Amino acid sequence: MTLSGKQLQQIARDTAASLDGVTHGRPFTAHLDVWKVRDKVFLIVTDDDPDLQIVTVKVDPDHGDALRRDHDTITAGRYLDKLHWISIGSGPDITPALIDDLVHGSYELAGEHAPKRRK
């Protein structure tokens, strides 16, 4: 079964919402649902185009290269640094487990490099 774009986006949102210390809003435009950890973006969900229902996550460049090579619907990040971000659309082999894994990985990368908040 192939996930629809809407399902893919909901899985990403649900995963992000389950993580500790996460905030979300629409700081750039009303059409981009942005998720952050420690004030660093780790997930963008594109809401404005039913033909382009994607999510964008941070990745290690080598992992991103492998994912783009192995999946036709994973491309260079749509909005951010093309080396460190990928966008994922609906397609064969795009599973709930893959989306969950990519959102968790992005969260870890963003949180790891973010400056710690002062108390």
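Burial analysis of strand β3 (residues 40–46) places six of its seven residues in the buried class, the great majority of the element. For strand β2 (residues 32–37) and β3, the ladder comprises six bridges, and the chain directions are antiparallel. Residue Leu32 lies in a different strand from β3, and its bridge partner there is Thr46. Count of turn residues in the β2/β3 antiparallel hairpin: two residues, of which Arg38 carries a positive phi of about 50 degrees. Two strands pair when backbone bridges link them, and β3 and strand β4 (residues 55–58) are joined in this way by three bridges, in the antiparallel orientation. Directly across from Leu43, in β4, lies its bridge partner Val57.

Let us now look at the nonpolar core. With 23 residues, the main nonpolar core has Phe42, Leu43, Val57, Ile86, Ile88 and Val103 as its most contacted residues. The set of elements that each furnish at least two residues to this core consists of α1 (5–17), β2, β3, β4, β6 (85–88) and α3 (96–113). Among the elements that make up this core, the one with the highest residue count is α3 (six residues). Ranked by size, the runner-up nonpolar core spans five residues in total, among them Leu32, Val34, Val41 and Ile44.

Taken in spatial order, the six strands make up an open sheet running β1-β2-β3-β4-β6-β5, and their pairing is antiparallel. Edge positions in the open sheet fall to β1 (22–25) and β5 (74–76), since each of these has one partner strand only. On average, each strand axis in the sheet is tilted by 25 degrees relative to the strand beside it, whichever way the strands run. Pairing geometry for β1 and β2, over four bridges, is antiparallel. Within β2, the position partnered with Val22 by the bridge is Val37.

This part covers α1. Helix length check: α1, at 13 residues, gives a terminal C-alpha distance of 18 Å against a target of 18 Å (1.5 Å per residue), a fit within 8%. When α1 is considered as a whole, its buried residues turn out to be Gly5, Leu8, Gln9, Ala12, Arg13, Thr15 and Ala16. End-on, the buried residues of α1 take up no more than an arc of 165 degrees, which puts them together on one face. Away from its buried face, by an angle of more than 90 degrees, α1 presents the exposed residues Lys6 and Ala17.

A few words now on the side chain of Thr46. By the element assignment, Thr46 lies in strand β3. Judged by its relative accessible area of 1%, Thr46 falls in the buried class. Leave out the neighbours within four places in its chain, and Thr46 touches Gln9, His31, Leu32, Leu52, Ile54 and Tyr79.

Basis of the calculations
- Residues numbered from 1 in each chain as written.
- Predicted model: local features only at pLDDT ≥ 70, side-chain atom pairs only at ≥ 80, totals over all residues.
- Heavy atoms only, no water.
- Buried < 20%, exposed > 50% of the residue type's maximum accessible area, 1.4 Å probe, protein only.
- Helix = DSSP H or I, 4+ residues; strand = E, 2+ residues; numbered from the N terminus.
- Pairing = 2+ DSSP bridges.
- Core = buried A, V, L, I, M, F, W, Y, C linked by side-chain atoms within 4.5 Å.
- Axes fitted to C-alpha atoms, helices over the stretch in contact; angles between N-to-C directions.
- Expected span 1.5 Å × (residues − 1).
- Arc of directions from axis to C-beta.
- Contact = heavy atoms within 4.5 Å.

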